[in-house]
Every structure is written in structure tokens, then in C-alpha cells.
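# Working through the structure, step by step
Below, each chain spelled out in residue letters.
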Amino acid sequence: MTVLTDLDGVLYRGSQVLAGVPGALSRLHSAGVEVLYITNNSLRSPRAGAEKISMLTGVPVTPEQLLTSGRAAAEMLRPEDGPVLLVGEDGVVDALESAGLEATTDPTEARSVLVGLTRRLSYQVVHDAMTAIRSGARFIATNTDATYPTEHGMAPGCGAIVAAIATASGRAPEVAGKPHPPMVELIRSRVTEPVWVIGDRIDTDIALARGQAGWTSILVLSGVTGAEEAGNGGADHVVADFAAAVDLVLGVGDRS
């Protein structure tokens, strides 16, 4: 059995772990369930992401358990796609290093543009990305999530940045993260049936499960999706939070 769980809005918001998460994760591990952490958030490398989960929950997590949209994007890159103009933070830098490609800050020499979430966006960053793409560079987005939940409320997601660059360049990106094929391919090589998908977004987490035969989806209401939207989302189960989702997985009870 494998549980694929999202992070933001499911395990934590920003630097605050959500109620019941440490105990629920401990129950999964005690039951011998394989847990993979699947995130479209490209701010952190798998190592930094694993360290954050471990610190907040007290449950040991390895970088190998964390599959990020940045890493899925790296799997899309080919040797001929370098040098790469990066828009993003540590997660996309790590992704580029894992692909063994060179980065560039010169939009005229870039053969591809890799866009991830960044909190340091500027007009010049959008201008350079637009210039490279209009000159023929490949355009890859780690994800197109419009927002992501933090302890201070919703924050603009990578999709807001991608939209600005796509509008300026006149090109739509290839997308790496959930529920798109690059992330699916990355996940499928790691899972053992049956597979449970726990997440807070209908268009990413639930869509990921819906696209794979035999995968069961659990929508939690602790993040992006509210109860009023949940009924039309197509999830197999809708529960309040991660702890309730783990109850379902372990057969403790159905709170949907």
C-alpha cells in the first residue's frame, strides 16, 4: 500500500503543522504503509522539504520520499535544452543540478526557461523570461497552481507567475507537476498498489488520482478547497483533515 500525500494545506500551513498530523503520520509508519510526499510547491529541494516535514511532525522523512514538481520538471529536460534560464528559488536550482544542465542569466543564450514559484519576482525577471521564450526557448512550468495556503492565508502560487510570462510571451508552457504526465511518471515508478491520494486541491490532487485506474482519492478541507466546493470535485472521500484521511486508509472509520 502507498499513500501519496500533499503538503501545503494538508500537513502544514507555512511553518505551522496542522492538528493531528504528527500522530496520524506516526500511525501510518507504525502500520508499515509506504508514504510519499507529493508537492507542486517548488520552493524547496527534496532534502530541504524532507527536513521541514521531519522538524514539524517529528516523523523521520528522507529526501527520497519527497517528489516535487521541480524534480518532475528536471526529468523533462534533455541535454540539448541547456543552458536554462531559471525563474524560481532553491527547488528549481536543485532540479537543474539534478539534470546536469547549466544555468544562464542571459535570455539571448537560453535554450529553455524553467519557471517555479519565487517570492522575488520582478518586472525584469518576467521580461527576461519573455525574451528567451519569444526567441524560441522551451517553456517549462513546474506547476500552474494559482495559490497555496500559508499560516497567514492564501499566497500567490506559481501559476500567477507562469500566467504573466505566458501572457507576455504568447506561449503556453509545458507543465511538470500534478496532475500532468511528468509527475505521474515520476510517481508510478515508486508506488505499490493499492494507492491512496490525500490532498486539498481538486484540480491537482484529486485530478491526479482520478486519472489513474484503481487509485483512491481523499479530499481534505484543511487547505484550498472549502466544503461548498467539495461536492462537485469528484473525490472518492471528503474529510475534515489529514488525521481523518488516515483513519480511512487504516480502516478505522469513514468520516466522509
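My aim in this report is to walk through the structure given alongside it, one point at a time. Computed from a prediction, not measured in an experiment: that's the story for all the values here. (Residues numbered from 1 in each chain as written. Predicted model: local features only at pLDDT ≥ 70, side-chain atom pairs only at ≥ 80, totals over all residues. Heavy atoms only, no water.)

## Re the overall build of the protein
- Counting secondary structure elements, the protein contains 10 helices and 15 strands.
- Radius of gyration (C-alpha) of the protein: 18 Å, near the 18 Å computed for a compact globule of 256 residues.
- Each principal axis of the C-alpha distribution contributes one length, and for the protein these read about 60 × 35 × 35 Å.
- Taken over 256 residues, the protein has a buried fraction of 55%.
- In the protein, the proportion of contacts linking residues at least 24 apart, taken out of those at least 6 apart, comes to 67%.
- Here the protein carries 19 positive and 30 negative side-chain charges, and the mean point of each set is 1 Å from the other. (Helix = DSSP H or I, 4+ residues; strand = E, 2+ residues; numbered from the N terminus. Rg over C-alpha atoms; globule rule 2.2 N^0.38 Å. Buried < 20%, exposed > 50% of the residue type's maximum accessible area, 1.4 Å probe, protein only. Contact = heavy atoms within 4.5 Å. Lys, Arg positive; Asp, Glu negative; His and termini not counted. Charge placed at Lys NZ, Arg CZ, Asp CG, Glu CD.)

## A look at empty space enclosed by the protein
- The final tally for this structure, using the stated rule, is two cavities of 30 Å³ or more.
- When its volume is computed, the largest cavity comes out at roughly 160 Å³.
- Looking at the largest cavity, it is lined by 20 residues, and the ones nearest its centre are Asp-8, Asn-40, Asn-41, Asp-145 and Tyr-148.
- Broken down by secondary-structure element, the contributors of at least two residues to the lining of the largest cavity are β10 (147–150) and α8 (202–210).
- Of the residues forming the lining of the largest cavity, the biggest block, three residues, is contributed by β10. (1 Å grid on protein atoms, 1.4 Å probe; cavity = no way out; pocket = protein on both sides within 12 Å on 5 of 7 lines; lining within 4 Å. Points joined across faces, edges and corners; volume = space filled by probe spheres on them.)

## With respect to the sheet that holds strand β5 (residues 66–68)
- Spatially, six strands are ordered β5-β4-β1-β13-β14-β15 in an open sheet, and the strand pairing comes out parallel. At either end of the open sheet lies a strand with only one pairing partner, and these are β5 and β15 (237–239). Mean inter-strand twist for the sheet, computed between neighbouring axes without regard to direction, equals 20°.
- Summarising the sheet, strand β4 (residues 34–39) and β5 pair through three bridges and their orientation is parallel. Counted as the bridge partner of Thr-39 is Thr-68 from β5.
- Contacts from helix α3 (residues 69–76) reach β4 and β5, with the element oriented near 65° to β5.
- Packed onto the sheet, helix α10 (residues 242–249) meets β1 (2–5), β13 (195–199), β14 (216–220) and β15 and runs at close to 155° relative to β14. (Pairing = 2+ DSSP bridges. Axes fitted to C-alpha atoms, helices over the stretch in contact; angles between N-to-C directions.)

## Quick notes on the sheet that holds strand β7 (residues 103–104)
- One open sheet accounts for five strands, arranged β7-β6-β8-β9-β12; its pairing is parallel. If you trace the sheet from one side to the other, it starts and ends with β7 and β12 (174–175), each paired once.
- As judged from the two bridges shared by strand β6 (residues 84–87) and β7, these two strands associate in the parallel manner. Paired with Leu-85 across the strands is Thr-104, a residue of β7.
- Helix α4 (residues 90–99) rests against β6, β7 and β8 (112–115) of the sheet, and its axis sits at about 155° to β6.
- Along the sheet face, helix α6 (residues 158–169) touches β6, β8 and β9 (138–141) and points at about 160° away from the line of β9.

Without other data, these values stay purely geometric and don't point to any function.
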